[in-house]
Amino acid sequence: MLKIAFHPIYNHPLPAGHRFPMEKYELLPQQLLHEGTCSGNNFFEPTKPNDKYILAVHNPEYFYDLVNITLDQRAARKIGFPLSEVLVEREVIIADGTIKASEYALKHGIAMNIAGGTHHAYTNRGEAFCLLNDQAIGARYLQKMGLAKKILIVDLDVHQGNGTAQIFQNDESVFTFSMHGKSNYPFKKEVSNLDIALENDSNDKTYLKRLKETLPKLIDQQQPDFIYYLSGVDVISSDKLGKLGMSVEGCKERDRFVLQTCKNNKIPVMCSMGGGYSSDIKVIVDAHANTYRLAQEIFF
């Protein structure tokens, strides 16, 4: 069965007019239930994990400044959300969703988190709507529990996974692959193990050609025993914060290729949703829902 992490805290209240479409975290599971892609049994509710799993990735001073709401104002502003105890609790619960989904992926081949993909969180700071790096925390958890040795992170959000690149910069046991918009945020990129920077308005054909040339070779070279997939839908042309030119169907084909490649190679995959900022919330929800539809079709 496809297992999906979801908690009501994911839909966090924001000031009126905020550009982050927080309501997608409530609408997405509703859509999946409404159309019959999922039932209530597919969803599980994460809780707060032991701090030690977060501290395996994040600097203690930074983490406890978040928990105690003592982060300095400049650092808090970079996060992009008003800092509060509930926001930090949300981030911690999202991390647990990814930890538990990683374990479900080992059992069922795939598992997912309605939120997550917080790849701009560094060891010692957060930025761009990311406080804690959920997939990095998941990767470290699997390694520390002896559940995986070599991990491949496939980050296909339109923005480079700069925090993820920094966290694993000197670690050969985690290979970081980011394919993103060349001129998108972050404007100062970190160095992933493999970065593919695409020109503005790159279309479905260009994007999919690069991906299909790259991912199978990477898997052959690295021989990972677990894959994290960050399936941001901000690659589509209508996205307000992206500069690529993909269609919703092209984004779906991207997901199909990644998930089918994982299945064909018998490598467990855990998916976090990442970004999506189109003006029409229906477009965001539909593009994210495609990832779940494909997971059910390919794995179950």
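See the structure printed just above.
Conventions we followed
Residues numbered from 1 in each chain as written. Predicted model: local features only at pLDDT ≥ 70, side-chain atom pairs only at ≥ 80, totals over all residues. Heavy atoms only, no water. 1 Å grid on protein atoms, 1.4 Å probe; cavity = no way out; pocket = protein on both sides within 12 Å on 5 of 7 lines; lining within 4 Å. Points joined across faces, edges and corners; volume = space filled by probe spheres on them. Helix = DSSP H or I, 4+ residues; strand = E, 2+ residues; numbered from the N terminus. Nonpolar A, V, L, I, M, F, W, Y, C, P; charged D, E, K, R; others polar. Pairing = 2+ DSSP bridges. Contact = heavy atoms within 4.5 Å. Axes fitted to C-alpha atoms, helices over the stretch in contact; angles between N-to-C directions. Salt bridge = Lys/Arg side-chain N within 4 Å of Asp/Glu carboxyl O. Buried < 20%, exposed > 50% of the residue type's maximum accessible area, 1.4 Å probe, protein only. Phe/Tyr/Trp six-rings, centres within 6.5 Å; stacked < 30°, edge-to-face > 60°. Lys NZ or Arg CZ within 6 Å of the ring centre and 35° of its normal.

Caption draft 1: The arrangement of the layout of surface pockets in detail. Roughly 460 Å³ of volume is contained in the largest pocket. His120, Ala128, Phe129, His159 and Tyr277 are the residues nearest the centre of the largest pocket, which is lined by 34 residues in total. Those elements that place two or more of their residues in the lining of the largest pocket are helix 1 (24-35), helix 4 (73-79) and helix 5 (85-108). The element that contributes the greatest number of residues to the lining of the largest pocket is helix 5, accounting for 3 residues. Of the residues that constitute the lining of the largest pocket, the class distribution is 13 nonpolar, 12 polar and 9 charged.

Caption draft 2: Structural context of the sheet that holds strand 3 (residues 110-113). Strands sit in the order 2-1-3-8-7-4-5-6 across an open sheet of 8 strands; the sheet is parallel. Edge positions in the sheet fall to strand 2 (43-44) and strand 6 (194-198), since each has one partner strand and no second. Across the sheet, helix 6 (residues 134-144) touches strand 4 (151-155), strand 5 (174-181), strand 7 (226-230) and strand 8 (269-272), and the angle it forms with strand 7 is around 170 degrees.

Caption draft 3: Broad picture of the pattern of salt bridges. Summed over all chains, the structure comprises 12 salt bridges. Residue lysine 100 pairs with aspartate 96 through a salt bridge whose shortest N-O separation is 2.6 Å. Taken together, the residues span about one helical turn, with lysine 100 and aspartate 96 both in helix 5 at a distance of 4 residues. Classification of lysine 100 by relative accessible area gives partly exposed; the value is 28%. A salt bridge links glutamate 213 to lysine 209; its shortest N-O distance comes to 2.6 Å. Linking glutamate 213 with lysine 209, this pair stays in helix 8 (residues 204-222), spanning 4 residues, or about one helical turn. What emerges from the salt-bridge pattern is a single network uniting Lys212, Glu253, Arg256 and Glu297.

Caption draft 4: Layout of unusual backbone geometry. A cis amide bond links tyrosine 185 with the next residue in sequence, proline 186, at an omega value of -5 degrees. Its identity is not glycine, yet phenylalanine 129 carries a phi of approximately 70 degrees, on the positive side. Here phenylalanine 129 is to be found in the loop between strand 3 and helix 6. The residue lysine 266 is not glycine, and still its phi comes out positive at about 55 degrees. Counting through the fold element by element, lysine 266 comes out in the loop between helix 9 (248-264) and strand 8. Take lysine 266: its relative accessible area is 76%, and that puts it in the exposed class.

Caption draft 5: Quick look at the environment of leucine 230. Tracing the sequence through the fold places leucine 230 in strand 7. Judged by relative accessible area, which is 2%, leucine 230 ranks as buried. Separated by 95 residues in sequence, leucine 230 and glutamine 135 place their C-alpha atoms 8.5 Å apart. Look past the residues within four positions of leucine 230 in its chain and what remains in contact with it is Gly117, His119, Gln135, Val154, Asp155, Leu156, Asp157, Ser272, Met273 and Gly274.

Caption draft 6: Just the packing of aromatic side chains, in detail. Within this structure, the stated rule accounts for 13 aromatic pairs. Note on phenylalanine 44 and tyrosine 104: the rings are 5.0 Å apart at their centroids and 50 degrees apart in plane angle, and the pair reads as tilted. Taken as a pair, phenylalanine 44 in strand 2 and tyrosine 104 in helix 5 lie far apart in primary sequence, 60 residues in all. Residue class for tyrosine 104 comes out partly exposed when judged on its relative accessible area of 24%. Linked through ring pairs, Phe20, Tyr25, Phe81, Phe129 and Tyr277 together constitute an aromatic cluster. Lying over the aromatic face of tyrosine 104, lysine 3 brings its terminal NZ or CZ to 5.6 Å of the ring centre. Positioned above the aromatic ring of tyrosine 122, the side-chain terminus of arginine 125 is 3.7 Å from the ring centre.

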